[in-house]
Amino acid sequence: MSVLPEKDLPPGRHRLLKEHLMTEIRQETQAIESRPRRSPWLRPVLIGAAAAAVAAGALVALPAGGAEDATASEAAVLLEDIALAAAKGDAPDDIRDDQYVYIKSRVGYTSQEVGKKPKLDPVHDREIWFAVDGKRPGLLVEDNRNGRIELEADTPGIPSNTNYKNLKTLPTDPDAMLKWLYKNKQGDNQKDEQVFTFVGDLVRESLVPPAQAAALYRAVAKVPDVEVVKDVKDAAGRTGIAVVRDEGESAQRQLIFDPKTKQYLGERVVTTEDHAETGLKKGDVQGTAAVLDRQVVDKREQRP
């Protein structure tokens, strides 16, 4: 595994692809902090549309293709359950353009001093406010060295803007959503990997309307190499079931969901093999996050 270089990002991928601290490795010197660098991630599996049997506790026969197809089927069932839960989401029907989406999370990410092994920094709280219509500046308040950061308003007309008003215009059909994801992903990584990363960004620190959220998860089921990992802990210590995909050759991104309600809990990035260059070992956590609260408020800096 090698640390990926920082990438220039389009102006429309606002706040968190600029301040995307959960999925980055940062290089630090003794006197100067560098800007965030992307870390490699992990690996996904295909998803189809099988639904009820596993949710009801019934046994499912293995597909003719063997273990690989069985893994894909497991991911398909889980993602369909997640989509059904997302469709019943509690986003208010009367959200106004002048309001803000507030998200509180608990995060920890990897930093590295020159010549030393990367280490996971202490888990800490993070709060973000962003305008429902994307037209006003947002705010990030983080309980670490980042402190308080003003976030720019969205650049108008960018299809990949992730404010609530723009997300509400996205397709509700899974195939159309998948096309939108591939068309609007950012970054130079392999395309399926980049789409999975994009989905992780959306569900972690945006408010996705219920119909679009359901389409999003059904679209993920069509991305190659998405798999399922059980008994994964988020940054708040909650145990969930994860939809995962490899990013690069030796890391894995895990999107974690409550095993009963199928609600999104958080995200984790885990090293999948020993890496001599960085000193990271298989199983080392490179980044972790847990969403604690997600609500619509009337003012920036207002807490529910």
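Owing to the predicted nature of the structure, the values given are computational and were not obtained by experimental measurement.

What counts, and at which threshold
Residues numbered from 1 in each chain as written. Predicted model: local features only at pLDDT ≥ 70, side-chain atom pairs only at ≥ 80, totals over all residues. Heavy atoms only, no water. pLDDT = per-residue confidence, 0-100. Contact = heavy atoms within 4.5 Å. Helix = DSSP H or I, 4+ residues; strand = E, 2+ residues; numbered from the N terminus. Buried < 20%, exposed > 50% of the residue type's maximum accessible area, 1.4 Å probe, protein only. Polar contact = N/O pair within 3.5 Å; in protein donor to acceptor, adjacent residues only side chain to side chain. Pairing = 2+ DSSP bridges.

## Re the confidence of the model for the chain
- Per-residue confidence for the chain gives a mean pLDDT of 80; residues scoring 70 or more make up 76%.
- In this model, residues 1-66 is a region of pLDDT below 50 whose contacts with residues beyond four sequence positions or in other chains number 215 contacts.

## A look at the side chain of Arg-204
- Relative to the assigned elements, Arg-204 resides in helix H6 (residues 191-205).
- Accessibility expressed as a relative area gives 4% for Arg-204, which makes it buried.
- A polar contact of 3.4 Å, which involves the side chain of Arg-204, links it to the side chain of Asp-201.

## Brief notes about the pairing of strand S7 (residues 147-151)
- Alignment of strand S6 (residues 138-142) against S7, held across five bridges, turns out to be antiparallel. Directly across from Leu-140, in S7, lies its bridge partner Ile-149.
- Hairpin connection from S6 to S7: four residues lie between these consecutive antiparallel strands.

## Considering the pairing of strand S9 (residues 239-247)
- With eight of nine residues buried, S9 lies mostly within the body of the structure.
- Both strand S8 (residues 227-233) and S9 contribute to a ladder of five bridges, which runs antiparallel. Following the sheet pairing, Val-232 is matched in S9 by Gly-240.
- Hairpin remark: S8 followed by S9, antiparallel, with five residues in the connecting loop; positive phi at Gly-237, about 85°.
- As paired elements, S9 and strand S10 (residues 251-257) share seven bridges and run antiparallel to each other. Bridged to Glu-247 within S10 is Ala-251.
- As consecutive antiparallel partners, S9 and S10 are separated by three residues, and within that stretch Gly-248 has a phi angle of approximately 70°, a positive value.

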